[in-house]
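Below are the chains, spelled out letter by letter.
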Amino acid sequence: MPLIPLQRLLGTARSDGYAVGYFEAWDACSLEAVLTAAEEESTPVILGFGAMMVDGKWLDRGGIEVLGAIGRSYAARSSVDVALLFNEAHTLDQAKRGIDAGFNAVMIDTHSWPTDDAIVAVRELCRVAHQSGAAVEGELGSPAEATASGIDHSHASLTDPDEAARFVAETGVDCLAVSVGNVHIMMNKEASIDMERLESIHEHVDVPLVIHGGTSFPPSAVAPAVALGVAKFNVGTVLKHEFWAGLGSSVRSVGANPDVHRLLGSHKDSDVMAIAQQRMTTKVRSLIRQYGGSRRQVVAAELSAR
Ligand code: 13P
């Protein structure tokens, strides 16, 4: 099935009162886990890959093109509505290459940039992306980040509603990631969300809002956030933990003299990657349900292929 414009996916979610998950994958196996979950829940999904944790040199050696090819090929065989995001590119150039590689949505990680520099780069990205029918996610404000020794607030800033309105107007982004107490890469603890700030941003900004740091976003805050304009949750860390736990338990259960052809690359139930993948799929399904996304679809007549 052709890729669906991100604007269409998020617009439908907003009008129907749910949010779409962007479940960040890192290779074909994890991407397949996400797609399987969306197909089993019969719901639109944002497939894609993020650059934040990935070696920039690898991305620049053709990694972006490889990821784009993997994403396009899974999207083409999907039975549900799919947008394909290249998330948190390190540079404007990488984000542009993401569009050339077939992603129909892109984002630059500008969280530590001065706002005016971010506006210039993101405006240019919107110009290029919109000519190709791709969407751009912007971000204003920077969520705190969990570290081994606690939460690092040193680069964190909350989104200012007036600044957000200016950012959207001056760049032309299709959706906006906000910082309202959400925390990146935090496991086993819930973030404390500033709903009043989210409400004020919603009053100032008309594009769909995005929450990064989905791993630690409190389930009880999902419905109120959706009511205040959030149409997309980004989830990463918890998915890698699920995959890792599945991989660990299956590897530990293998005795001496492993049958490597059964265990690796067979795509049978005995494949250690398939076992890990299944665990990730189960987690993605539960998050889709949490976001109110089960059994949804984008109206066919509104589709426009890229
Ligand atoms: P978590 O890893 O905290 O779920 O956040 C992922 C994310 O925001 C990717 O953009």
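As a reminder, the structure under discussion sits directly above these lines.
This text gives an overview of the structure that appears in the document. All of these numbers come straight from a predicted model, not from anything done at the bench. (Residues numbered from 1 in each chain as written. Predicted model: local features only at pLDDT ≥ 70, side-chain atom pairs only at ≥ 80, totals over all residues. Heavy atoms only, no water.)

## Focus: the overall build of the protein chain
Then comes step 1: Scanning the protein chain from N- to C-terminus turns up 11 helices and 11 strands.
Then comes step 2: Against the 2.2 N^0.38 benchmark of 19 Å for 306 residues, the protein chain shows a C-alpha radius of gyration of 19 Å, consistent with a compact globule.
Then comes step 3: Counting only C-alpha atoms, the protein chain reaches 65 × 45 × 40 Å along its principal axes.
Then comes step 4: By residue count, 52% of the 306 residues in the protein chain fall in the buried class.
Then comes step 5: In the protein chain, the share of contacts with a sequence separation of at least 24, taken over all contacts with a separation of at least 6, comes to 73%.
Then comes step 6: Accessible surface, the protein chain: about 13,100 Å² in total, of which carbon and sulfur atoms supply 52%.
Then comes step 7: In the protein chain, which carries 25 positive and 38 negative side-chain charges, the distance between the mean positions of the two groups comes to 6 Å. (Helix = DSSP H or I, 4+ residues; strand = E, 2+ residues; numbered from the N terminus. Rg over C-alpha atoms; globule rule 2.2 N^0.38 Å. Buried < 20%, exposed > 50% of the residue type's maximum accessible area, 1.4 Å probe, protein only. Contact = heavy atoms within 4.5 Å. Areas by Shrake-Rupley, 256 points an atom, 1.4 Å probe, with all protein chains shown as cover. Lys, Arg positive; Asp, Glu negative; His and termini not counted. Charge placed at Lys NZ, Arg CZ, Asp CG, Glu CD.)

## Some words on the site of the ligand
Then comes step 1: Around the ligand, the neighbouring residues are Asn87, Glu88, His184, Ile185, His212, Gly213, Gly214, Thr215, Asn234, Val235, Gly236 and Thr237.
Then comes step 2: Within the side chain of His184, a nitrogen or oxygen atom sits 3.0 Å from an oxygen atom of the ligand.
Then comes step 3: Taking Gly213, its main chain carries an N or O atom lying 2.9 Å from an oxygen atom of the ligand.
Then comes step 4: When its residues are assigned to classes, the shell around the ligand shows 2 nonpolar, 9 polar and 1 charged. (Near = heavy atom within 4 Å. Polar contact = N/O pair within 3.5 Å; in protein donor to acceptor, adjacent residues only side chain to side chain. Nonpolar A, V, L, I, M, F, W, Y, C, P; charged D, E, K, R; others polar.)

## Notes on the sheet that holds strand 6 (residues 144-147)
Then comes step 1: If you walk across this open sheet you meet the 3 strands as 7-6-9, and the pairing is mixed. The sheet is open, and its two borders are formed by strand 7 (150-152) and strand 9 (183-184), each paired with just one other strand.
Then comes step 2: The pairing of strand 6 with strand 9 spans 2 bridges and is parallel. What sits directly across from Ala144, in strand 9, is Val183. (Pairing = 2+ DSSP bridges.)

## Here we look at the pairing of strand 6
Then comes step 1: Covered by surrounding structure in strand 6 are Ala144 and Ala146 only, the residues Glu145 and Thr147 on the alternate face being uncovered.
Then comes step 2: By the bridge criterion, 3 bridges tie strand 6 to strand 7 in an arrangement that is antiparallel. Each residue of the ladder has a partner; that of Glu145, found in strand 7, is Asp152.

## Side note on helix 11 (residues 272-290)
Then comes step 1: For helix 11, built from 19 residues, the straight-helix expectation of 27 Å at 1.5 Å per residue is met to within 8% by its first-to-last C-alpha distance of 28 Å.
Then comes step 2: Where the residues of helix 11 are buried, they touch strand 1 (20-23), helix 2 (28-41), strand 11 (230-235), helix 9 (237-252) and helix 10 (260-263).
Then comes step 3: Capping the start of helix 11, Asp271 holds a side-chain oxygen 2.9 Å from the backbone nitrogen of Met273, two or three residues further along. (Expected span 1.5 Å × (residues − 1).)

## Some words on the packing of helix 2 against helix 11
Then comes step 1: As a packed pair, helix 2 and helix 11 sit with axes 8 Å apart at the nearest point and diverge in direction by 45°. Our classification of the angle between helix 2 and helix 11 gives oblique. Handedness of the crossing formed by helix 2 with helix 11: right-handed. On helix 11, the residues that touch Cys29, Ser30, Glu32, Ala33, Val34, Thr36, Ala37, Ala38, Glu40 and Glu41 of helix 2 are Met273, Gln277, Met280, Thr281, Val284, Arg285, Ile288 and Arg289.
Then comes step 2: Residue classes in the contact of helix 2 with helix 11 are distributed as 9 nonpolar, 4 polar and 5 charged. (Axes fitted to C-alpha atoms, helices over the stretch in contact; angles between N-to-C directions. Parallel < 35°, antiparallel > 145°, perpendicular 65-115°, else oblique. Left-handed = near helix turned anticlockwise from the far one by under 90°.)

## What to know about the environment of Gly214
Then comes step 1: Note on placement: Gly214 falls in the loop between strand 10 (209-211) and helix 8 (222-227).
Then comes step 2: For Gly214 and Ser253, which are 39 residues apart along the polypeptide, the C-alpha to C-alpha distance reads 31 Å.

## Some details on unusual backbone geometry
A negative phi angle is the norm for most residues apart from glycine, just as the trans form is the norm for most peptide bonds.
Then comes step 1: The phi torsion at Glu88 lies on the positive side, around 55°, for a residue other than glycine.
Then comes step 2: With a phi close to 60°, His267 is a non-glycine residue in the positive phi region.
Then comes step 3: The topology assignment puts His267 in the loop between helix 10 and helix 11.
Then comes step 4: Classification of His267 as exposed rests on a relative accessible area of 65%.

The values are spatial; any link to function lies outside them.
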